[in-house]
Amino acid sequence: MRTELASEPGDADRPNEDFASVGLPASGQGGSVVVLDGVTPPRTGTGCLHSVPWFTARLGGALTELTVSLPDVPLVDALSRAIARTAEAHASTCDLSHPRTPQATVVVARWSPETVEYLVLSDSALLLESPDRVVTPVLDDRLALLPRSALATDALVDSTLRNKEGGFFTAAADPSVSRRAVTGTLPRPAVRALAALTDGATRWVERFEEGDWTDCFRLLRKEGTQALVDRVRTLERADPAGSFPGRSKTHDDATVVYVEF
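This one's a predicted model, so the numbers in the text were calculated from it and none came from an experiment.

J.: Lay out the overall build of the chain in plain terms, naming residues and giving numbers.
T.: Within the chain, the regular secondary structure consists of six helices and 10 strands. Taken over the C-alpha trace, the chain has a radius of gyration of 18 Å; the compact-globule value for 261 residues is 18 Å, and the two agree within 12%. Across its three principal axes, the chain shows a C-alpha extent of roughly 45 × 45 × 35 Å. Of all 261 residues assigned to the chain, the portion counted as buried reaches 49%. Taking contacts inside the chain between residues at least 6 apart in sequence as the whole, the part at least 24 apart equals 70%. Per element, the accessible surface of the chain, about 11700 Å² overall, is 51% carbon and sulfur. When the 27 positive and 36 negative side-chain charges of the chain are each reduced to one mean point, those points stand 0 Å apart.

Next up, the structure:
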């Protein structure tokens, strides 16, 4: 098995709000990948005493532990438990009802000798490669499908779309949001390799259109995870004004995990 991980902050003066882990049980049977993209907080505050990196470390650590130690618990339930555990850690000090309480996108993949399970919540991505090298993206595209007019301001998004019916969902303080995720299970022999990417890395495909998901996966397999991050940074530096559509930041935290069975 080959596992590879790269994670880089968008701004060297700010902490990386992403989280990534690869969990391999001591039994040697199976494993899991967890990737979170923390939602950058607004200047107006979040109602929470804690930073987004604090939140993603707590949620990601809990989710890694649960997916590895409880292999028979479905991923939806594992995420629900991890959210509840994280919320309990700061419920007494923070306003968890605030629409911008710390939150994150989620990608989880877990494999055993028999199956590969997956869960995707919000705009990070999971890529699955079959033995004949067909790449299938698993995407939660609810945010991407919203009209740009609906995303005009943070206040509008928070009041009408964020973690609301008809909008999009992230992992924050409500454990039930786990049931909004895109999920599935495949036979283990149907998956040769997989990759999990935050949207700072998917820019190579979704923003700069340097290739499709198959091209992206081929790059990861041949040149590695850091090569993809480096190429995104090069493209960002060449476009400092953000002329490509959909770019809210010049640079974003970028995380990639690649697993080849």
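J.: Can you lay out the sheet that holds strand β10 (residues 254-260) for me, pointing to particular residues and giving the numbers?
T.: Across the sheet, five strands lie side by side as β1-β10-β9-β6-β7; this open sheet has antiparallel pairing. Of all the strands in the sheet, the pair left with one neighbour each is β1 (2-8) and β7 (135-139). The sheet shows a mean angle of 10 degrees between the axes of neighbouring strands, direction not considered. Direction of pairing for strand β6 (residues 125-129) relative to strand β9 (residues 193-197): antiparallel, over a ladder of five bridges. Each bridged residue has a counterpart across the sheet, and for L126 the counterpart in β9 is A196.

J.: Pulling in residues and values, what's your account of helix α1 (residues 52-69)?
T.: Its 18 residues place the ends of α1 25 Å apart at the C-alpha level, agreeing with the 26 Å of an ideal helix rising 1.5 Å per residue. Restricting attention to buried positions, one finds in α1 the residues V52, F55, T56, L59, G60, A62, L63, T64, L66 and T67. On the buried face of α1, the contacting elements are β2 (18-23), β3 (31-38), α2 (75-90) and β4 (104-111). In this structure S51 caps α1, since a side-chain oxygen of it lies 3.1 Å from the backbone nitrogen of W54.

J.: Can you explain the packing of helix α5 (residues 213-223) against helix α6 (residues 225-237)? Please cite residues and give values.
T.: Following both chains from N to C, one finds α5 and α6 inclined at 125 degrees, their axes separated by 7 Å at the closest point. Classified by the angle between their axes, α5 and α6 sit oblique to one another. Along the contact surface, α5 presents C216, L219, L220 and E223, while α6 presents T225, A227, L228 and R231. The residue makeup of the contact of α5 with α6, split by class, is five nonpolar, one polar and two charged.

J.: So what about the packing of aromatic side chains? Which residues, and what values?
T.: Throughout the structure, instances matching the rule amount to two aromatic pairs. A ring pair is formed by W111 and F261, whose centres lie 5.2 Å apart and whose planes are at 70 degrees; its orientation type is edge-to-face. Taken together, the residues span a long stretch of sequence, with W111 in strand β4 and F261 in the segment after β10 at a distance of 150 residues. The cationic tip of R188 hangs over the ring face of F261; the distance from NZ or CZ to the ring centre is 4.0 Å.

J.: Any chance you could break down the pairing of strand β5 (residues 115-121) for me, citing the residues and the numbers?
T.: For β5, the buried fraction is high: six of the seven residues fall into the buried class. Both β4 and β5 contribute to a ladder of six bridges, which runs antiparallel. Each bridged residue has a counterpart across the sheet, and for A109 the counterpart in β5 is Y118. Counting the residues between successive antiparallel strands, the hairpin from β4 to β5 contains three residues.

J.: Explain helix α4 (residues 199-206) to me, using residue names and the numbers behind them.
T.: Of all eight residues that make up α4, six are buried, and the element is covered over most of its length. For α4, the set of buried residues is G200, A201, T202, R203, W204 and V205. For α4, the secondary structure elements touched by its buried residues are β6, β9, α5, α6 and β10.

J.: Hey, could you go over the nonpolar core for me, with residue numbers and the actual values?
T.: One finds L63, V106, L119 and L121 to be the most contacted residues of the largest nonpolar core, which totals 24 residues. Mapped onto this core, the elements with two or more residues apiece are β3, α1, α2, β4 and β5. Looking at this core element by element, the count peaks at six residues for α2. Counting 23 residues, the second-largest nonpolar core is a separate cluster that includes V135, A193, L197 and V205.

J.: Lay out unusual backbone geometry in plain terms, naming residues and giving numbers.
T.: Although it is not a glycine, S122 sits at a positive phi angle of roughly 75 degrees. Here S122 lies in the loop between β5 and β6. At R133, a position not held by glycine, the phi torsion is positive, near 65 degrees. With respect to the secondary-structure elements, R133 resides in the loop between β6 and β7.

Each value, and the rule that gives it
Residues numbered from 1 in each chain as written. Predicted model: local features only at pLDDT ≥ 70, side-chain atom pairs only at ≥ 80, totals over all residues. Heavy atoms only, no water. Helix = DSSP H or I, 4+ residues; strand = E, 2+ residues; numbered from the N terminus. Rg over C-alpha atoms; globule rule 2.2 N^0.38 Å. Buried < 20%, exposed > 50% of the residue type's maximum accessible area, 1.4 Å probe, protein only. Contact = heavy atoms within 4.5 Å. Areas by Shrake-Rupley, 256 points an atom, 1.4 Å probe, with all protein chains shown as cover. Lys, Arg positive; Asp, Glu negative; His and termini not counted. Charge placed at Lys NZ, Arg CZ, Asp CG, Glu CD. Pairing = 2+ DSSP bridges. Axes fitted to C-alpha atoms, helices over the stretch in contact; angles between N-to-C directions. Expected span 1.5 Å × (residues − 1). Polar contact = N/O pair within 3.5 Å; in protein donor to acceptor, adjacent residues only side chain to side chain. Parallel < 35°, antiparallel > 145°, perpendicular 65-115°, else oblique. Nonpolar A, V, L, I, M, F, W, Y, C, P; charged D, E, K, R; others polar. Phe/Tyr/Trp six-rings, centres within 6.5 Å; stacked < 30°, edge-to-face > 60°. Lys NZ or Arg CZ within 6 Å of the ring centre and 35° of its normal. Core = buried A, V, L, I, M, F, W, Y, C linked by side-chain atoms within 4.5 Å.

These figures capture arrangement, not role.
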